[in-house]
Amino acid sequence: MNPQASLIFAASLLLGTTITISSNHWVMAWTGLEINTLAILPLISKSHHPRAIEAATKYFLTQAAASALVLFASMTNAWHTGQWDITQLTHPTSCLILTSAIAMKLGLVPFHFWFPEVLQGSPLTTGLLLSTIMKLPPITLLYMTSPSLNPTLLTILAILSAALGGWMGLNQTQIRKILAFSSISHLGWMAIIIIYNPKLTLLNFYLYAMMTATVFLTLNTIKVLKLSTLMTAWTKIPSLNAMLLLTLLSLAGLPPLTGFLPKWLIIQELTKQEMAPAATLISLLSLLSLFFYLRLAYCTTITLPPHTTNHMKQWRTNKPTNITIAILTTVSVMLLPISPMILTIV
């Protein structure tokens, strides 16, 4: 892609996100969402492969429908209350429509069908943007309207997302689809706590974004898209594969690593809110996603491919690892010991 075009699209993404995050008026928030959608479409379809064009079309139709619902929810609220302020969303019907719209924007169950398909049709770098920065504006809108939302509805959506995200990722062989279902599962954890402690949702999102960025950038460096090619990629940069193993286990939420921190805090908060059954259920459902993270980790470092078949060994590359990946990996693995300091900041 032309560097000038890439710069314009990247600037538009930052602009759209900033407008939505900093706006008080619904129409400005909607404008930011629209700028974001239009800026990411060329990045999805830049390879001109039929799969990429299909992904861009699906993304555009879903996001257009969700944006229309956001506008409809805000207009309904303004009609009944005379308020266009985002924090003044008080009408029950508007809250219901907005929850559906944001769930569609994020890819929460039952509006999740577009997300794995779009991620599968996108390049890894665009997939990283779709999984992280494109989720920030909708989560910000949820954060600002959280006092008015329906707790029962969000809890049901969250548990269904954790269940389906784990369950549907089990039989996937394409890594981008596995990461898409992982994202749906993590969104379930964010949605369940948004009403009771919105800051925990943001903390979870930031840590998830860092861990996912590490995984996507590592996969992009070793040029891997399928589990079968992941098995033979260990000869390229062995140290990077070892770090990928730790990052995947952190993404799964295993205790000594960073990914355990948000899960631990969310379970603690749910127990304080007398929602122990929901906490137990969502913890058990996260075991489903643990299975496919372990499968990815197994293919990354532990399994050597069978030597009976002839396969080409990859050449070991001597180029130094990107400093960004090094920093992100360190943060994705080692933040748990300083969790008291993180909690004081949050």
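Identification of the protein as NADH-ubiquinone oxidoreductase chain 2 from Agelaius phoeniceus is taken from an unreviewed UniProt entry. As its UniProt record puts it under Sequence similarities (unreviewed entry), the protein is described as follows: "Belongs to the complex I subunit 2 family." As stated in UniProt under Catalytic activity (unreviewed entry), the record for the protein gives "a ubiquinone + NADH + 5 H(+)(in) = a ubiquinol + NAD(+) + 4 H(+)(out)".

We now examine the UniProt feature "transmembrane region" (unreviewed entry) in the protein. The UniProt entry lists residues 56-76, 96-115, 152-171, 178-196, 202-222, 242-261, 281-304 and 325-345 under the feature "transmembrane region" (unreviewed entry), expressed in the numbering used here. Spanning residues 152-171, this segment combines 85% helix with 0% strand, and its end C-alpha atoms are found 30 Å apart. Secondary structure across residues 202-222 comprises 100% helix and 0% strand; the distance between its end C-alpha atoms is 30 Å.

Let us look at the domain arrangement of the protein. Split by domain assignment, the protein resolves into domain 1 (1-147) and domain 2 (150-345). Once you take the C-alpha centre of each, domain 1 and domain 2 turn out to be 23 Å apart. Summed over both sides, the interface of domain 1 with domain 2 buries roughly 2800 Å², with 79% coming from carbon and sulfur. Across the domain 1-domain 2 interface, the total number found is one salt bridge. Of the charged contacts in the structure, one is a salt bridge between Glu 117 and Lys 177, with a shortest N-O distance of 3.4 Å. Here domain 1 is connected to domain 2 by five residue pairs in polar contact (both at pLDDT 80 or more). Counting residues per element, the ones that place at least two in the side of domain 1 that touches domain 2 are helix H4 (92-106), helix H5 (114-121), helix H6 (124-131) and helix H7 (136-145). In terms of residue class, the side of domain 1 that touches domain 2 is made up of 16 nonpolar, 10 polar and three charged.

Glycine aside, negative phi is the norm for most residues, and most peptide bonds take the trans geometry. A cis geometry characterises the amide bond from Val 109 onward to Pro 110, with omega recorded as 5°. Checked against the element boundaries, Pro 110 lands in the loop between H4 and H5. With a phi angle near 55°, Lys 223 is a residue other than glycine that sits in the positive phi range. Checked against the element boundaries, Lys 223 lands in the loop between helix H10 (198-222) and helix H11 (227-232). The backbone of Glu 274 sits at a positive phi, close to 60°, despite the residue not being glycine. Within the secondary structure, Glu 274 sits in the loop between helix H13 (260-272) and helix H14 (276-302). Of the residues examined, Glu 274 reaches a relative accessible area of 73% and is grouped as exposed.

Attention now goes to the side chain of Thr 201. Counting through the fold element by element, Thr 201 comes out in helix H10. When residues no more than four places from it in sequence are discounted, the contact partners of Thr 201 are Ile 139, Met 190, Ile 193 and Ile 194.

Calculation criteria
- Residues numbered from 1 in each chain as written.
- Predicted model: local features only at pLDDT ≥ 70, side-chain atom pairs only at ≥ 80, totals over all residues.
- Heavy atoms only, no water.
- UniProt positions renumbered as here; feature names shortened; annotations may be inferred.
- Helix = DSSP H or I, 4+ residues; strand = E, 2+ residues; numbered from the N terminus.
- Domains from an automatic or database assignment.
- Buried area = accessible area lost by both parts, 1.4 Å probe.
- Salt bridge = Lys/Arg side-chain N within 4 Å of Asp/Glu carboxyl O.
- Polar contact = N/O pair within 3.5 Å; in protein donor to acceptor, adjacent residues only side chain to side chain.
- Nonpolar A, V, L, I, M, F, W, Y, C, P; charged D, E, K, R; others polar.
- Buried < 20%, exposed > 50% of the residue type's maximum accessible area, 1.4 Å probe, protein only.
- Contact = heavy atoms within 4.5 Å.

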